[in-house]
Amino acid sequence: MKTLKKIVLGILLILVVASAAGWFSLDKEARGLLKTVPTNRDILFWNEAQRDAAFRAMDRIALLAKWRTAAPGPTARPLPPGPALRLPLDMDAYMAGQHAAAVLVLHKGRLRLERYGLGFDGSGRWTSFSVAKSFTSTLVGAALKDGLIRSMDDKVSDYIPDMKGSAYDDVSVRQLLTMTSGVQWNEDYADPGSDVARFNNHQPEPGVEAVVSYLRRLPRAAPAGTRWHYSTGETNLVGVLISQAAKKPLTAYMQEKIWSRIGTEQQATWLLSKTGHEISGCCIQASPRDYARFGQFILEGAKVDGQPIVPEGWLQEATRKQADIGLPGRGYGYQWWTYDDGSFTARGIFGQGIFIDPKRELVIVTNSDWAKASAVDNPQSAAREAFYQAVQKAVDEEGGGQ
């Protein structure tokens, strides 16, 4: 009996030591996530502490999510410091009001402002949410340039046969990118019964990609091309289309065309659906500086070694108003939000963004955890728009920063 007790105690001791060793082998972001691990998969309904921990560690615990990794190239693009940007605002107060993890401003390729919060720093990765849509859009341009997608006017079902017979039979690649498919979809982040919320719990049909299984059941609400309606599900479908055309995972194509070629310094990750495909309307994880490098790459015409990876003129189309969204001075391009002054932005829920102003050669990166997912009627969103304008004005007042 004494011998059995010794054996049991020995096993328990080994388990405790192993657990402790495992705990300390994790990085600080993974440990933070485990301390406040969410009790469900519905990100839209996590509390602030859970979001603060998870947004920096979505790709740390494989039991919560799976991902693929895009490796950087051999040499990181320098982001040389420029003179400190003089802004008529209290940055500490702004960061606190945004509940911001990172705010970076690049002007003419120089880092004019770099601030971190929430215990986050530049060595970590932060999730992008719908900022990923603009990466996906750029990969459509690359696939067109490579001849993998023949035309923006091709039908979705030409590349995804499982969509035949659905409302998407009449929808073109262009209409998917501009979110003018006319197919019914509810993107209300506060409604547990919305499509964007229910999709997370959808059980796909055997052998069918999750987003295809969900979207091919949706009815038509308007003729294709006649109205704009925001739908993350459709960007997820774009990602499937690219992968089918390229015959490789979306992350692999992103690494090949973008991530290994634009001077990124850290790996990026892309979360996967239940059926193992990248959730292309969401969920790239990258460092703030690498988001800035992607923004600079777009600002400079999506070029690598002086050669664009997209067709001539395509990026200009992608980043100007293609659809009216009902807001004065604003519009929607190919998965980019546009302003009539020529600037445009990638935007994700809870305060993620890459704002690009070609006229002033500005790139502004923001990573945050806002109290509300949506930018609609959100004072934190309005404050960020005011920040963009303050940066533009500061650059103008210094004569373009010469």
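Above this text you will find the structure in question.
Residues numbered from 1 in each chain as written. Predicted model: local features only at pLDDT ≥ 70, side-chain atom pairs only at ≥ 80, totals over all residues. Heavy atoms only, no water.

A. Spotlight on the pairing of strand S2 (residues 100-107). Burial runs high along S2: eight of the eight residues are buried. Sheet topology note: the S2/strand S13 (residues 362-368) ladder contains seven bridges and is antiparallel. Residue pairing in the sheet places Leu 106 in a bridge with Val 363 of S13. Pairing analysis gives six bridges linking S2 to strand S3 (residues 110-116), with the strands arranged antiparallel. Bridge pairing in S3 links Val 103 to Arg 115. Between the end of S2 and the start of S3, which pair antiparallel, lie two residues, with Lys 108 showing a positive phi angle near 55°. (Buried < 20%, exposed > 50% of the residue type's maximum accessible area, 1.4 Å probe, protein only. Helix = DSSP H or I, 4+ residues; strand = E, 2+ residues; numbered from the N terminus. Pairing = 2+ DSSP bridges.)

B. Local environment of the pattern of salt bridges. The full count for this structure, using the stated rule, is 19 salt bridges. As a salt-bridge pair, Arg 174 and Asp 153 come within 3.2 Å of each other at their nearest N and O atoms. Residue Arg 174 is found in helix H7 (residues 173-177), and its partner Asp 153 is found in the loop between helix H5 (132-145) and helix H6 (156-159); the two are separated by 21 residues along the sequence. A residue is classified by how much of its surface remains accessible, and Arg 174, at 29% relative accessible area, is partly exposed. (Salt bridge = Lys/Arg side-chain N within 4 Å of Asp/Glu carboxyl O.)

C. Focus on the packing of aromatic side chains. Per the stated rule, a full pass over the model turns up 22 aromatic pairs. Judged by centre distance (5.7 Å) and plane angle (50°), the rings of Trp 228 and Tyr 332 are tilted. With Trp 228 in the loop between helix H9 (210-215) and helix H10 (232-246) and Tyr 332 in strand S9 (residues 330-332), this pair connects stretches of sequence that are 104 residues apart. The buried category is assigned to Tyr 332, whose relative accessible area is 0%. An angle of 45° between the planes, with centres 5.5 Å apart, marks the rings of Trp 314 and Tyr 334 as tilted. Here Tyr 334 lies in the loop between S9 and strand S10 (337-339) and Trp 314 lies in helix H13 (residues 314-318), a separation of 20 residues in the sequence. By way of ring pairs, the aromatic residues Phe 55, Tyr 116, Phe 120, Trp 126, Phe 129 and Phe 350 are connected into one cluster. (Phe/Tyr/Trp six-rings, centres within 6.5 Å; stacked < 30°, edge-to-face > 60°.)

D. Structural detail: the nonpolar core. By size, the foremost hydrophobic cluster in this structure holds 100 residues, and its most contacted members are Val 140, Leu 237 and Met 254. In this structure, Val 140 is in contact with Ile 149, Met 152, Val 173, Leu 177, Val 238, Ile 242 and Trp 314, ignoring residues within four places of it in sequence. Leu 87, Tyr 94, Tyr 339 and Tyr 388 belong to the second largest nonpolar core, which has 18 residues in total. (Core = buried A, V, L, I, M, F, W, Y, C linked by side-chain atoms within 4.5 Å. Contact = heavy atoms within 4.5 Å.)

E. The pairing of strand S12 (residues 352-357), seen in detail. Across the six residues that make up S12, a large majority, six, are buried. Burial along S12 is two-sided: Gln 352, Ile 354 and Ile 356 and Gly 353, Phe 355 and Asp 357, pointing in opposite directions, are all buried. Sheet analysis places strand S11 (residues 344-348) next to S12, joined by five bridges and oriented antiparallel. Pairing of Phe 344 across the sheet is with Ile 356, part of S12. Between S11 and S12, which pair antiparallel and follow one another directly, the connecting turn spans three residues, one of which, Phe 350, has a positive phi of 65°. Linkage of S12 to S13, two consecutive antiparallel strands, is achieved through a turn of four residues, within which Glu 361 is found at a positive phi near 55°.

F. Representation of helix H11 (residues 250-259) in the model. For H11, the buried fraction is high: seven of the ten residues fall into the buried class. Taken residue by residue, H11 has Leu 250, Thr 251, Tyr 253, Met 254, Lys 257, Ile 258 and Trp 259 as its buried positions. The buried residues of H11 occupy an angular sector of 155° when projected down its axis, which confines them to one face. (Arc of directions from axis to C-beta.)

G. Representation of the side chain of Thr 235. One can find Thr 235 in helix H10. On the accessibility criterion, Thr 235 (1% relative accessible area) is buried. Setting aside residues up to four positions removed in sequence, Thr 235 forms contacts with Lys 133, Thr 136, Met 179, Ser 280, Gly 281 and Gln 335.

H. Quick peek at the state of the cysteines. As enumerated under the stated definition, the model contains one disulfide in all. Between the sulfur atoms of Cys 282 and its disulfide mate Cys 283 the distance is 2.0 Å. Note on the Cys 282 and Cys 283 pair: the S-S dihedral is about 60°, so by sign convention the disulfide is right-handed. (Disulfide = S-S within 2.5 Å.)

I. Structural view of unusual backbone geometry. Located in the positive-phi region is Lys 108, a residue other than glycine, with phi close to 55°. Assignment of secondary structure puts Lys 108 in the loop between S2 and S3. Residue Lys 108 is classed as partly exposed on the basis of its relative accessible area, which comes to 29%. Located in the positive-phi region is Ala 302, a residue other than glycine, with phi close to 55°.

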